[in-house]
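# Summary of structural features
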Amino acid sequence: MSEPLIVGLVSISDRASTGVYEDKGIPALQDWLTSALTTPWRAETRLIADDRPTIEKTLIELVDTVGCHLVLTTGGTGPALRDVTPEATLAVADKEMPGFGEEMRRISLNFVPTAILSRQVAVIRQQALIINLPGQPKSIKETLEGVRAADGTVSHVGIFAAVPYCIDLIGGPYVETNEAVIKVFRPKSAIRPQ
C-alpha cells in the first residue's frame, strides 16, 4: 500500500475569506476528489484573501511544511487587478508546467468564450504539483474531468488524467482513480499491477 496522497486545497477569495459569502471552491474540490480518487488521500484546506504575499506563503507552507503532493487552488486567475494567483504560483515554482493551463483554457472554451481571459498556471515546487483551477465549481469539475457528450462519453479528456503520472514522476505516491469519473493515463511501463 502506498502512502496517502496529501492534497492542499486553497480557495482564494477576498470576500469568502472575510465571511461576506460562503466559499464554494473547497467543497467543490473535496466532492470531486472524493468521487474521483480510489487511493487513500487527505486534504489540507486553506481559505485566504486574494493577496500575493498570503498566497505565496500558503503555497510554500503546504508544500514545504505540510508535505502536500498536490495543491489545487481556486480563484484569483482572471484579468482583474486583484487576481494575482498565477503570479504568486509562479513566484514559488521550481518548474513551470504550461500544458495544464493551456489545456484548462481549451476545455473551458467548449463552454464559454471568456475562457481566454483565464490565466491558470501549473508548477512543480520540490516534489509537489501546484495547479490553479477556475473559481466556479462547475468549471472546476469540467477542467478536472473533461467534456462529456450527451450520452455521458468523454469527448475531451480533463487535466486530471495526467496528474497521477506527473506525481509519479516527481516522487509522490501512486494515485489511482475511479475510471467512471476520470481515467488516468500512464505509459504501460509505469502501470503497477493490481
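Here the structure is shown first, and the text comes after it.
It should be emphasised that the depicted structure is a prediction, and the values quoted were computed from it without experimental measurement.

As a further point, take the pairing of strand β6 (residues 128-133). Each regular strand shows side chains that alternate between the opposite faces of the sheet. Counted residue by residue, β6 has 6 buried out of 6 residues, so it is predominantly covered. Residue alternation in β6 divides its side chains into two sets, A128, I130 and N132 and L129, I131 and L133, and both sets are buried. Here 5 bridges tie strand β3 (residues 70-74) to β6, and the two strands are oriented parallel to one another. Bridge assignment links T74 to a residue of β6, and that residue is L133.

Moving on to the pattern of salt bridges. Overall, the coordinates contain 12 salt bridges when judged by the stated rule. Of the charged contacts in the structure, one is a salt bridge between R106 and E103, with a shortest N-O distance of 3.1 Å. You can see R106 and its partner E103 sitting in helix α5 (residues 98-108), 3 residues apart, about one turn around the helix. Measuring nitrogen to oxygen at the nearest pair gives 3.8 Å for the salt bridge that ties E179 to K183.

Right, let's talk about the environment of A43 for a bit. Its place among the elements puts A43 in strand β2 (residues 41-48). Taking the C-alpha atoms as reference points, A43 and I6, 37 residues apart in sequence, are found 6.0 Å from one another. With near-sequence residues (within four places) excluded, A43 lies in contact with V7, L9 and Q30.

Each value, and the rule that gives it
Residues numbered from 1 in each chain as written. Predicted model: local features only at pLDDT ≥ 70, side-chain atom pairs only at ≥ 80, totals over all residues. Heavy atoms only, no water. Buried < 20%, exposed > 50% of the residue type's maximum accessible area, 1.4 Å probe, protein only. Helix = DSSP H or I, 4+ residues; strand = E, 2+ residues; numbered from the N terminus. Pairing = 2+ DSSP bridges. Salt bridge = Lys/Arg side-chain N within 4 Å of Asp/Glu carboxyl O. Contact = heavy atoms within 4.5 Å.

So, to be careful, I would describe these as geometric facts and stop short of saying anything about function.
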